[in-house]
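Remarks on the overall topology
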Amino acid sequence: MNTLCAIGEALIDFIPDQQGKLKEVTGFQRVAGGAPANVAGTVCRLGGQAKLLTKLGQDAFGDYLLDQMQKSGIDTSQILRSTDYDTSLAFVSLSADANRDFKFYRRTAADLQYAPKDVDEHVLDDCSIMHFCSVSLVESPMKYAHKKLIELAIRNKKWISFDPNLRLSLWDNEEACQNAIREFLPYADILKLSDDEVSFITGCDTVEEALPMLFSGRCEYLLYTMGRHGSRLYRRDGTCLETAGIPVQALDTTGAGDSFIGAFLFCLLSDDSVYWQDLDNERLQDYLIFANAYAACMVSRIGALTNLADREAFREFINKHRQLLPAVPRMFKES
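Structure report, in brief. Not measured: the values here are computed from a predicted model. (Residues numbered from 1 in each chain as written. Predicted model: local features only at pLDDT ≥ 70, side-chain atom pairs only at ≥ 80, totals over all residues. Heavy atoms only, no water.)

Let us look at the packing of helix H1 (residues 35-45) against helix H7 (residues 256-270). Remark: H1 packs on H7, axes separated minimally by 8 Å, with the N-to-C direction vectors making an angle of 45°. Looking at the two axes, H1 sits oblique to H7. Our pair here, H1 against H7, has a crossing hand that is right-handed. When H1 is examined against H7, the residues Ala35, Asn38, Val39, Thr42 and Val43 are found in contact with a partner set consisting of Asp258, Ser259, Ile261, Gly262, Ala263, Leu265, Phe266 and Leu269. The class makeup of the residues in the contact of H1 with H7 is eight nonpolar, four polar and one charged. (Axes fitted to C-alpha atoms, helices over the stretch in contact; angles between N-to-C directions. Helix = DSSP H or I, 4+ residues; strand = E, 2+ residues; numbered from the N terminus. Parallel < 35°, antiparallel > 145°, perpendicular 65-115°, else oblique. Left-handed = near helix turned anticlockwise from the far one by under 90°. Contact = heavy atoms within 4.5 Å. Nonpolar A, V, L, I, M, F, W, Y, C, P; charged D, E, K, R; others polar.)

Here is the structure:
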């Protein structure tokens, strides 16, 4: 199987033991997180291969993250440690509908110190896809490490996946965030956006209005997630595929989008096709249903990286919810 290379932050999510605003929460559970780490973990938990490029503090939180990523199957050989900077932390609050808000502690973040010189020229030799998000695109050495990895990916004809994954509280202002995302949009072969991100990123009221801008670069596939309403896949040729949402009791939406794109990338990495841009619509529809179902499975669980469903747990979820699925993903039809 082909390998995924993700770059960006790995951090500790402190998940509250009760619903409500952060000032009302009295206790938290420590879990491993960070969008790129969650995506890599999803690929590995489903049976694929993934590595992560980042830097952690030489502290107890960094030790915990490294341990949890290795338990998830992520290749951590490219992860560096810093004695001068700290492992990033995020405190999460959950509302009654399981949606979340974040307070990040990243002013001394080790991951932001991951620099272009830390990117091995051969790191993508065994990879087919690189994946990144926007949290680590703030002005820092890590932003330029992204640029170097993207240059390597393009030079070596690897696919590039980008999930902006908006976290506005990490930016000095909204304009800086918007500009950084727009700077990197043209590099993505696969772009994943949620329904609440399109207007901010593109300035368009609907995803349909935004398509010309989103497909103006390298983009072949736009994955558009709509929460409980399901998801769509837009192709460069104008085709739109759609799958309905799966009604489950949402316990925690942390990492839902990461698990969606991770599951979709796992499907591509598992595919024997030489040219992913030429996949037929039937196969892409199957991958969309697979990714949508995996995200539904994840919101019915609590926690991100440390609680990602493995192949067997996902199989059980599929079997339990067969009647709610628009179709059973191909790899589970015989189960």
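Let us now look at the nonpolar core. Counting 62 residues, the largest nonpolar core has Met69, Leu268 and Phe314 as the members making the most contacts within it. The greatest single-element share of this core, amounting to eleven residues, is contributed by helix H8 (residues 281-299). When residues no more than four places from it in sequence are discounted, the contact partners of Leu268 are Ile129, Ile190, Trp276, Leu279 and Tyr287. Core analysis: the next-biggest nonpolar cluster, separate from the first, contains 55 residues, Ala90, Ala109, Val138 and Ile150 among them. (Core = buried A, V, L, I, M, F, W, Y, C linked by side-chain atoms within 4.5 Å. Buried < 20%, exposed > 50% of the residue type's maximum accessible area, 1.4 Å probe, protein only.)

Here the focus is the pairing of strand S10 (residues 159-163). Within S10, five of the five residues are buried, leaving the element largely enclosed by the surrounding structure. Of the two faces of S10, the one carrying Trp159, Ser161 and Asp163 and the one carrying Ile160 and Phe162 are both buried. Each parallel crossover has a hand, and the one from strand S9 (residues 127-133) via helix H3 (residues 141-155) to S10 is right-handed. The pairing of S10 with strand S11 (residues 190-194) spans two bridges and is parallel. Bridged to Ser161 within S11 is Ile190. At this point the chain moves from S10, through helix H4 (residues 174-184), to the parallel S11, and the crossover so formed is right-handed. (Right-handed = clockwise from strand over helix to strand, strands pointing away. Pairing = 2+ DSSP bridges.)

To continue, consider the environment of Gln113. Position of Gln113 among the secondary structure elements: in the loop between strand S8 (100-105) and S9. The class of Gln113 is partly exposed, set by a relative accessible area of 25%. Leave out the neighbours within four places in its chain, and Gln113 touches Lys55, Tyr85, Asp118 and Pro141.

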